[in-house]
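Residue strings, one per chain:
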Amino acid sequence: MTVAAQVRTPEKIGGLGARVLFDRIEKRYGPVIAVDEVSLDIAPGEFVTLLGPSGSGKTTSLMMLAGFEIPTAGEIYVDDDPIAAVPPYRRNIGMVFQNYALFPHMTVGENIAFPLQMRKIGRSEIARQTRDVLELVGLPGYEGRYPKQLSGGQQQRIAVARALVFNPRVLLMDEPLGALDKQLREHLQLEIKALHDKLGVTIIYVTHDQEEALVMSDRIAVMNNGRIEQCGGPTDLYDEPETRFVATFIGESNFIDGVLARADGAIGYVEAPGLGSLRAPLKPGIAAGSPVALTVRPEKIIAHDNGASSHLNTVDGTVADVVFVGEMRRYVVALPGGQRLVLKAQNRSGVQSFNRGDAIRVGWSVDDCRLV
Amino acid sequence: MAALTHDLQGADREGQVARFQHLRRREQWRYVLLLLPAVVFLIAFYGYPVAAMLTRAFYDPVPGLQNFEPLVTARSTVEFLGLSIPMNAYIRVFWITLQIAAVVTIVSLLLGYPVAYALSSVSASRANLLMIFVLIPFWTSILVRSYAWMVLLGKEGIINEALLAAGLRTEPLVLLNTRLAVYLGMIHIMLPFMILPLYAVMRGIDRNLLRAAGNLGAPPSAVFRRIFLPLSLPGVAAGCLLVFILSLGFYITPALLGGQKDVMVSMLIQQQISLLKWGFGAALALVLLILALGIYALFTRVLGVERVFGSART
Ligand SMILES: Nc1ncnc2c1ncn2[C@@H]1O[C@H](COP(=O)(O)OP(=O)(O)OP(=O)(O)O)[C@@H](O)[C@H]1O
Ligand SMILES: [Mg+2]
């Protein structure tokens, strides 16, 4: 297991974040396996997102790191120290809960002062740090308000302020923007990102919104059924999906099912019913003769009828549906053999447009498709 | 021309506002209609008799305030916190009543709080099961339960028999007809009234708040003191108010289990009425009612009605 490549070194004001290592963590609830052999190595100061559908074990993973759930197997290390024996209140890990969990009977100032009081910090120092952190999240002067007097976005910022004020080395965020409208969400995504760059704290972020994950993360761990399907940078995941689940969950993907007929150097030949032989970069671990799917992103397919270049896979089909979306047209192409392809063609001069029922020849570069 | 259309629009708007007000009023009338049967019932069978009874204090046997006179003519003193307070026998009964109600409330709170806490910490299905044990006393009549305490506490009761048989005592303990017996019997009856509002409020406390506090560095004792306890206070207030006010009017339990000195106001009222002194009985009842309302007002003034009857909002 290697430490992630991207160790960020921006100017830090809150001290460096900690390294976090999940070592074959498992959590069972009776017969249910909520988290299944999860291993993840997070570099100091990294922004890692756990991305996955509902019930994939994201919250459970965070809860084990925060100390509210105990793994049934495996160990978690923070800066190389195992934390199993450390109670939650001594872990020094900040957490922003999905519903913010602001104390309703305390003002904003009292909420933020709470972790400082627990650390026996003096009164004037608390006042100063509270002021500073409110400044940091862009809500100066809000000390006297109660949480219910704040908007959703403001509550979210206060929750972040409270989780940061005691300078934790790791910050956990469980769908912190889930309850907000799209515009505010996009705005706060950038703010959290800026805060991360400024503080250098290690952030583990949970979301089921793939766009959010792509925008914010250094690395994304895609979770499904309690397992990490793939972990990598946003471009890696988008361009090099290793499993069908990852290809579906991040962005839009086409799949052409077939059989790997033969391998030739780095190129695999897929026989798909009715489509002949299609080429794709070969992936280790797939034996000739085994069923395989070729996946390609809709925007990487071009519709053309002027000849085929040698580096393209081309297939002929019929336009089954067209949707005009302004900047592009989205075609659904019915292929011989019954499979379908979705492609996106930019709306500009020089790009031919098609109508429903037209015959169409589509192609994509061999480098742009993957086997899963 | 432009001004004219503007005016027309203004008039139109006013018409609309009036229409909405009309609709709202109709809505309100609908609620009044829904309440009507219950209100009529209460006025006919509760409001009227109570008022008729209480007003007797002012005209039975003759008009005037002489029924209240025995309450204000001092005859003796009691010692309280080193002070000698002038007091007569009737006021003393009120004093004892307040004392008993206060002790019952405090002990019920001390016993009920941990139970409610435990109930609110387990899963909802298990809590429902355990709640049956809290509620069983509800399904047994107060009279039966008071007699049961007599069986337990009497001179030849189970406790004394056991003590004698075990040779721990040579003569029976005096347990029945003591203040202790009154407390036992009343607390037993009152506990569910304390536990239920406490439980309702505690269930409503978001467990994530407790986790958040732990995450922010609070050890379990601080989580309880700073988060759970303050958020459970509305339940404490509601439970205490309920138990205290109900205790003020207790009759059967102190009559059966108490001694000569453990007379509560309702026993005194019953006694006056059985002597056909309706006017004086009514005067005592009126004072008790005013006392209860006063305590209620004090509670809500200090805590705010919303905190007493609202739940912990998170
Ligand atoms: N206390 C529990 N008892 C039993 N099963 C649980 C418990 N907590 C979680 N699970 C199960 O563990 C699995 C993972 O749950 P988890 O809350 O981690 O999912 P998640 O990825 O956070 O989902 P979401 O996006 O919906 O929040 C689910 O199948 C869930 O039903
Ligand atoms: Mg979750």
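Here we look at the overall build of chain A
Thought 1: The number of helices and strands found in chain A is eight helices and 20 strands.
Thought 2: For chain A, the share of sequence-separated contacts (at least 6 apart) that also reach a separation of at least 24 residues comes to 66%.
Thought 3: Distance between charge centres in chain A, computed from 39 positive and 44 negative side chains, equals 4 Å.

A word on the packing of helix α3 (residues 89-121) of chain B against helix α7 (residues 179-203) of chain B
Residue and element names in this part refer to chain B.
Thought 1: Taken N-terminus to C-terminus, the directions of α3 and α7 make an angle of 45°; their axes are 6 Å apart at the nearest point. Between α3 and α7, the crossing angle belongs to the class labelled oblique. Between α3 and α7 lies a crossing of right-handed hand.
Thought 2: Residue composition of the contact of α3 with α7, by class: 23 nonpolar, five polar and two charged.

A few points about the domain arrangement of chain B
Often, the extent of an interface is quoted as the loss of accessible area on bringing the components together.
All names here are of chain B.
Thought 1: Along its sequence, chain B is carved into domain 1 (1-58) and domain 2 (66-313).
Thought 2: Here the C-alpha centre of domain 2 lies 40 Å away from the C-alpha centre of domain 1.
Thought 3: Between domain 1 and domain 2, the contact holds five residues from the first and 11 residues from the second.
Thought 4: When residues of domain 1 are sorted by the area they lose upon contact with domain 2, Met-53, Leu-54 and Ala-57 head the list and together hold 69% of the total.
Thought 5: For the pair domain 1 and domain 2, the number of links is zero salt bridges.

Side note on empty space enclosed by the protein
Residues and elements named next belong to chain A.
Thought 1: Inspection of the entire model under this criterion finds two cavities of 30 Å³ or more.
Thought 2: Computed from the structure, the largest cavity encloses a volume of approximately 60 Å³.
Thought 3: As for the largest cavity, its lining consists of Met-64, Gly-67, Glu-69, Ile-70, Pro-71, Glu-75, Ile-76, Ile-83, Ala-84 and Arg-91.
Thought 4: Among the residues making up the lining of the largest cavity, the classes are represented as six nonpolar, one polar and three charged.
Thought 5: The wall of the second largest cavity is formed by Val-160, Leu-164, Leu-171, Ile-192, Leu-195, His-196, Leu-199, Val-201 and Ile-203.
Thought 6: The element contributing the most residues to the lining of the second largest cavity is helix α5 (residues 182-199), with four residues.
Thought 7: In terms of residue class, the lining of the second largest cavity is made up of eight nonpolar, one polar and no charged.

A closer look at the packing of aromatic side chains
Thought 1: Counted according to the given criterion, the structure contains 11 aromatic pairs over all chains.
Thought 2: Arranged with centres 4.9 Å apart and planes meeting at 75°, the rings of Tyr-90 of chain B and Phe-280 of chain B form a pair that is edge-to-face. Here the residue Tyr-90 of chain B occupies a position in helix α3, and Phe-280 of chain B occupies one in helix α12 (residues 278-303), the gap between them amounting to 190 residues.
Thought 3: Among the aromatic residues, ring-to-ring pairing joins Tyr-113, Tyr-117, Phe-224 and Phe-228 of chain B into one connected group.
Thought 4: For Arg-262 of chain A, the ring lying beneath its charged end belongs to Tyr-269 of chain A, and the centroid distance is 4.0 Å.

A few points about the interface of chain B and chain A
Thought 1: On the chain A side, the residues contacting the 20 residues of chain B number 25 residues.
Thought 2: Taken together, both faces of the contact between chain B and chain A bury some 1900 Å²; the carbon and sulfur share is 65%.
Thought 3: Between the two partners, chain B and chain A, sit one salt bridge.
Thought 4: Here Arg-211 of chain B and Glu-69 of chain A are joined by a salt bridge, their closest N and O atoms 3.4 Å apart.
Thought 5: The interface formed by chain B and chain A holds seven residue pairs in polar contact (both at pLDDT 80 or more) in total.
Thought 6: Those elements that place two or more of their residues in the side of chain B that touches chain A are α8 (207-215) and α9 (220-248) of chain B.
Thought 7: Considering every element that reaches the side of chain B that touches chain A, the biggest residue donor is α8 of chain B, with seven residues.
Thought 8: Split into classes, the residues belonging to the side of chain B that touches chain A amount to 11 nonpolar, five polar and four charged.

Topic: the domain arrangement of chain A
All names here are of chain A.
Thought 1: According to the domain assignment, chain A contains domain 1 (20-92 + 168-244) and domain 2 (252-371).
Thought 2: Here the C-alpha centre of domain 2 lies 34 Å away from the C-alpha centre of domain 1.
Thought 3: Around 730 Å² of area is buried between domain 1 and domain 2 when both sides are counted, 36% of it from carbon and sulfur atoms.
Thought 4: For the domain 1 face of the interface with domain 2, the top three residues by lost area are Tyr-238, Pro-241 and Arg-244, together amounting to 70%.

Comments concerning the pairing of strand β8 (residues 202-207) of chain A
Residue and element names in this part refer to chain A.
Thought 1: Among the six residues of β8, six are classified as buried, and the element is accordingly described as predominantly covered.
Thought 2: What you see with β8 is no split at all: Thr-202, Ile-204 and Val-206 on one side and Ile-203, Tyr-205 and Thr-207 on the other are buried throughout.
Thought 3: Of the pairings in the sheet, the one linking strand β3 (residues 47-51) to β8 comprises five bridges and is parallel in character. By the bridge assignment for β8, Leu-51 is matched with Thr-207.

Examining the side chain of Ser-365 of chain A
Residues and elements named next belong to chain A.
Thought 1: Its place among the elements puts Ser-365 in strand β19 (residues 359-365).
Thought 2: You can call Ser-365 buried: its relative accessible area is 18%.
Thought 3: Beyond its immediate chain neighbours, meaning those up to four positions away, Ser-365 contacts His-311 and Leu-312.

What to know about the pairing of strand β16 (residues 312-324) of chain A
Residue and element names in this part refer to chain A.
Thought 1: The sheet contact formed by β16 and β19 spans seven bridges and is antiparallel. Along β19, the bridge assignment pairs Thr-318 with Ala-359.
Thought 2: In this sheet, strand β17 (residues 328-334) lies alongside β16 in antiparallel orientation, the contact comprising six bridges. Bridge assignment links Val-322 to a residue of β17, and that residue is Tyr-331.
Thought 3: Following β16, the chain reverses through three residues before pairing antiparallel with β17; Gly-326 in that reversal takes a positive phi of roughly 90°.

Some details on the sheet that holds strand β6 (residues 93-96) of chain A
Residues and elements named next belong to chain A.
Thought 1: The strand order across the open sheet built from six strands is β6-β7-β8-β3-β9-β10, with neighbouring strands paired in mixed fashion. The open sheet is flanked by β6 and β10 (227-232), the only strands paired with a single partner. Across the sheet, the mean angle from the axis of one strand to that of its neighbour is 20°, orientation sign disregarded.
Thought 2: Across five bridges, strand β9 (residues 219-224) lies against β10 in antiparallel orientation.

Reading guide: rules and limits
- Residues numbered from 1 in each chain as written.
- Chains lettered and ligands numbered in written order.
- Predicted model: local features only at pLDDT ≥ 70, side-chain atom pairs only at ≥ 80, totals over all residues.
- Heavy atoms only, no water.
- Helix = DSSP H or I, 4+ residues; strand = E, 2+ residues; numbered from the N terminus.
- Contact = heavy atoms within 4.5 Å.
- Lys, Arg positive; Asp, Glu negative; His and termini not counted.
- Charge placed at Lys NZ, Arg CZ, Asp CG, Glu CD.
- Axes fitted to C-alpha atoms, helices over the stretch in contact; angles between N-to-C directions.
- Parallel < 35°, antiparallel > 145°, perpendicular 65-115°, else oblique.
- Left-handed = near helix turned anticlockwise from the far one by under 90°.
- Nonpolar A, V, L, I, M, F, W, Y, C, P; charged D, E, K, R; others polar.
- Domains from an automatic or database assignment.
- Buried area = accessible area lost by both parts, 1.4 Å probe.
- Salt bridge = Lys/Arg side-chain N within 4 Å of Asp/Glu carboxyl O.
- 1 Å grid on protein atoms, 1.4 Å probe; cavity = no way out; pocket = protein on both sides within 12 Å on 5 of 7 lines; lining within 4 Å.
- Points joined across faces, edges and corners; volume = space filled by probe spheres on them.
- Phe/Tyr/Trp six-rings, centres within 6.5 Å; stacked < 30°, edge-to-face > 60°.
- Lys NZ or Arg CZ within 6 Å of the ring centre and 35° of its normal.
- Polar contact = N/O pair within 3.5 Å; in protein donor to acceptor, adjacent residues only side chain to side chain.
- Buried < 20%, exposed > 50% of the residue type's maximum accessible area, 1.4 Å probe, protein only.
- Pairing = 2+ DSSP bridges.

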